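These are the residues of each chain, in order.
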Amino acid sequence: MSDLVTLRGLGKRFESRKGLFGKARAMMAVSDVTLDIPRGKVTGVVGESGCGKSTLARLVLRLLEPSAGEIQFDNVNLRALSAPTLRRLRRRMQMVFQDPYSAIDPRYSMADALLEPFQIQGIKLGAAEARAKVESLLAMVGLGAQMATSYPHQLSGGQRQRIGIARALALEPDFLVLDEPTASLDVSIQAQIISLLEKLQAELGLTYLFISHDLGLVRYFCDRIVVMYLGRVVEILPDPQAAPRHPYTRTLLESNFVPDPTQRREIRRLTGEIASAFDLPPGCAFAARCPNADDLCRRVRPELITDPGGHASACHHPL
Amino acid sequence: MALLDVKNLSIDIHGIRPLDGISFHVDKGEILGIVGESGSGKSLTALSVMGLLPLIGGRIERGTITFDGTELTTLPEPAFRKLRGRRIAFITQNPMTSLDPVMRVGAQIDQVARLHLKLDAKAAQVRSIEIMEKLRIPEAATLYHHYPHQLSGGMKQRIVIAMALAADPDLIIADEPTTALDVTIQAQIIDLLVELVRDRDLALILITHDMGVVAQTCDRVVVLYAGRIAESHAVQAIFANPRHPYTKALIRCIPREDTVPGSLTGIPGAVPSVAHYPSGCRYHPRCARRGPPCDGIVPALDRPMGGGEIACHFPEGMGNVHV
């Protein structure tokens, strides 16, 4: 099994100003991410707001320019590519966004929206060919052919997300980055979309990078789980059922409400809140909230260490 | 007698009826979950009890809402004002809808106690800081002087809960109180609400779309679908033996430890909009168990022997009699 995408030391620095004339401040939205994304598998990235998961999603496709590190896509160094070459390669990697409403032009019919990727890539389709393409894409995501003439405001959230997926699949990519594709949907629709993504992955042999804040969903859907906290990878679970070693992963797991009243859990109390990314402490970023933190944790940042089984964690006192 | 007893409530907003014959009750020391997808009428139920329907151009068409012996549907606004925020508190999803952005958070908590309990400024401040400490707000005496924008989302929601508690209410209605928060913070806030109910013998109505939250916190559950009650029962019974196909499907939408990959399917279609409610049982177009009467006849809300309520022509456990 080979890796479709490899990330080495990937980082992204953002600057912001407090007020118009204020001093510029910098923050690392993503720091030193080294990760292999295996072909034909679902790699999940999980974390809370501000952990850098959406920034990572955009860096992987070079929709954002990294400040540091390397991205290899099928053995091609993405950072070395010129804009036209990158655009051609983009056919093979696509993104599905959280909010399909803002991803589709409200004045486009669904047929227009589904044909836009071909225009951008300069692929000319005849009228009959275009119609057949639209119909097959709609069918692929479980929508009827009559949907081609609808506009975004006429669709439900679930239908819009299906269009978002169909559009991402239009150019027959190998790799899909799914950035919280179900976060704004009702649970019944979320389950529909996940089931559709499972089916498409099996049929088309796709590789997914699935970004989510929901560890329960990630454990169900993904083959491998990457846990991020404040811009860094803190743990990589080689198998979704592996027991967590990082206290933050355990906290995430315990915060997940299991739909079973016979399995009620004590919620471990956390002190403190997520630190500001502009003002990170020198040691482990989770130390202020961690029940096991000691002086070492507050002084020295733990390195991400991978064991022979592929389980990686960045903690001085793993569980 | 229940602390809050809602009977056969129907409401009217500009000629449509988004809530149709809703009944439920909640007792002291009890957590009632009202669960359903967007558009099921959860928030409208909360607004009805709070007497806030006129704000959105709605009115109560039929039914009664009795709170501790007082009939609320006919209560004049001045009398309602003495109740609202004092004995019935409301926590909304977005804390910024409850907080004044240009007023220090401490003063906002004080206000509630000063208005409803007639405390003086000094006593109100002492009490506010006490409540903040109980809500596990670190350095409460310092945060008391902060403005909302200086606080994180989780802290803001704790301030809103402090405001809700300031007048020592008997009933709290929390409408998706943690939906906008990060998962670890959500767990902390839910834990806090449960502890409050148990310690102070409050009644809590927890409105949520999350069956996981319901399973972990509630005593009883009302499942709403498209403005009607689908099913209600004790939480253990609802999860161990859901009788309405919608309840069962909703529970199955959340992956669990033992969910087999590929077995998550969701519920086909979507919740209909108020203007396009189907005839008969409103769930029938999405229902796997539907049969001949479902599209024409509204199922009555039955109270079977085992307890709870159910509105379905072909409840689970009856076998597929119509197939």
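Report follows, based on the coordinates. Quantities reported herein were computed from a predicted structural model and do not represent experimental measurements.

## Description of the side chain of A:T182
All names here are of chain A. Structurally, T182 is set in the loop between β7 (175-179) and α7 (187-204). Of the polar contacts made by the side chain of T182, one reaches the side chain of Q190; its length is 3.2 Å. With near-sequence residues (within four places) excluded, T182 lies in contact with Q190, I193, I194 and L217.

## What to know about the interface of chain A and chain B
The interface of chain A with chain B comprises 36 residues on the first partner and 48 residues on the second. Taking both sides of the interface into account, the surface hidden between chain A and chain B amounts to around 3,500 Å²; carbon and sulfur atoms contribute 55%. Where chain A touches chain B, the interface holds two salt bridges. Between B:R256 and A:D260 there is a salt bridge whose closest N-O contact spans 3.7 Å. The tally of links between chain A and chain B comes to 19 residue pairs in polar contact (both at pLDDT 80 or more). For the side of chain A that touches chain B, the secondary-structure elements that each account for two or more residues are α7, α8 (215-221) and α9 (247-255) of chain A. Examining the composition of the side of chain A that touches chain B, we find that eight residues originate from one element, α7(A), more than from any other.

## Quick look at the side chain of A:S255
Relative to the assigned elements, A:S255 resides in helix α9. When its relative accessible area of 5% is taken as the criterion, A:S255 is described as buried. Ignoring sequence-local partners within four residues, the contact set of A:S255 consists of B:V183, B:T184 and B:A187.

Rules of the game
- Residues numbered from 1 in each chain as written.
- Chains lettered and ligands numbered in written order.
- Predicted model: local features only at pLDDT ≥ 70, side-chain atom pairs only at ≥ 80, totals over all residues.
- Heavy atoms only, no water.
- Helix = DSSP H or I, 4+ residues; strand = E, 2+ residues; numbered from the N terminus.
- Polar contact = N/O pair within 3.5 Å; in protein donor to acceptor, adjacent residues only side chain to side chain.
- Contact = heavy atoms within 4.5 Å.
- Buried area = accessible area lost by both parts, 1.4 Å probe.
- Salt bridge = Lys/Arg side-chain N within 4 Å of Asp/Glu carboxyl O.
- Buried < 20%, exposed > 50% of the residue type's maximum accessible area, 1.4 Å probe, protein only.

Don't take any of this as a statement about function, it's just geometry.
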